[in-house]
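Summary of structural features
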Amino acid sequence: MSILSLAVICKNGAKTLERCLESIVPHVDELVFVDNGSTDDSTKIAKKFNAKIYTSRVIDNFAELRNFSFSKCTGDWILWLDVDDVCFNFEKMKQTITEMPEQLSAVIMPYYYAFDEKGNCIAIHNKERVLRRSRGFQWVNRVHECVNVVNDF
């Protein structure tokens, strides 16, 4: 069975962090939490979920923070979430990585990122959410970071 790490970067995310971690931590094998100078209870919340907590003082560079968080993960697969994300349909995602052939490297999942005043999702796009750690993916772009995907065949 594949080992799944969760990588979370955070700065002052206490308002949404607990909801995020409750949605996924029972289903992952490792939680890597990188705090970027929080002054709220973010780290305290992460400790409640047995996170491996690291601190980074990187300024205004989300790609560097994500790369640092990935460097601390030990699982076969890395799932990344923002502190205001909630993971849905975990069973399907876990089945996908368990059955995925060795030559495949990522799982694309719907990313729900804008909501109306009633909480209805109004914007969705697909995003690489789970990455095979052995492929050494790197994040790029200081803001609006993304995984640098290279076609290696």
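First things first, this report covers the structure right here in the doc. (Residues numbered from 1 in each chain as written. Predicted model: local features only at pLDDT ≥ 70, side-chain atom pairs only at ≥ 80, totals over all residues. Heavy atoms only, no water.)

Side note on the side chain of S5
Along the polypeptide, S5 turns up in strand β1 (residues 4-10). S5 sits in the buried class, given a relative accessible area of 0%. Each residue touching S5, except ones within four places of it in the same chain, is listed here: E30, C73, T74, G75, W77, I78 and L79. (Helix = DSSP H or I, 4+ residues; strand = E, 2+ residues; numbered from the N terminus. Buried < 20%, exposed > 50% of the residue type's maximum accessible area, 1.4 Å probe, protein only. Contact = heavy atoms within 4.5 Å.)

Quick look at the pattern of salt bridges
One pass over the full model with this rule turns up eight salt bridges. As a salt-bridge pair, K52 and E30 come within 2.6 Å of each other at their nearest N and O atoms. Remark: E30 occurs in strand β2 (residues 30-35) and K52 occurs in strand β3 (residues 52-55); sequence separation between them is 22 residues. Here E102 ties to R132 by a salt bridge, and the two come within 3.5 Å at their closest N and O atoms. Taken together, the positions of E102 in the loop between α4 (90-99) and β5 (106-115) and R132 in strand β6 (residues 121-132) put the pair 30 residues apart, joining distant regions of the chain. In this structure R132 comes out as buried when scored by relative accessible area, which is 8%. Members of the salt-bridge network, linked through shared partners, are R66, D82 and E145. (Salt bridge = Lys/Arg side-chain N within 4 Å of Asp/Glu carboxyl O.)

Quick notes on the layout of surface pockets
Space left empty within the atom packing is revealed by a probe, the size of a water molecule, rolled over the atoms. Considering only enclosed or pocket space, the largest pocket measures out at about 550 Å³ in volume. Considering the residues around the largest pocket, the lining is formed by 21 residues, among which V86, F88, P110, Y111 and Y112 are closest to the centre. Listing elements by their share of the lining of the largest pocket, those giving two or more residues are α4, β5 and β6. With eight residues, the single largest contributor to the lining of the largest pocket is β5. (1 Å grid on protein atoms, 1.4 Å probe; cavity = no way out; pocket = protein on both sides within 12 Å on 5 of 7 lines; lining within 4 Å. Points joined across faces, edges and corners; volume = space filled by probe spheres on them.)

Worth remembering: the numbers are spatial, not functional.
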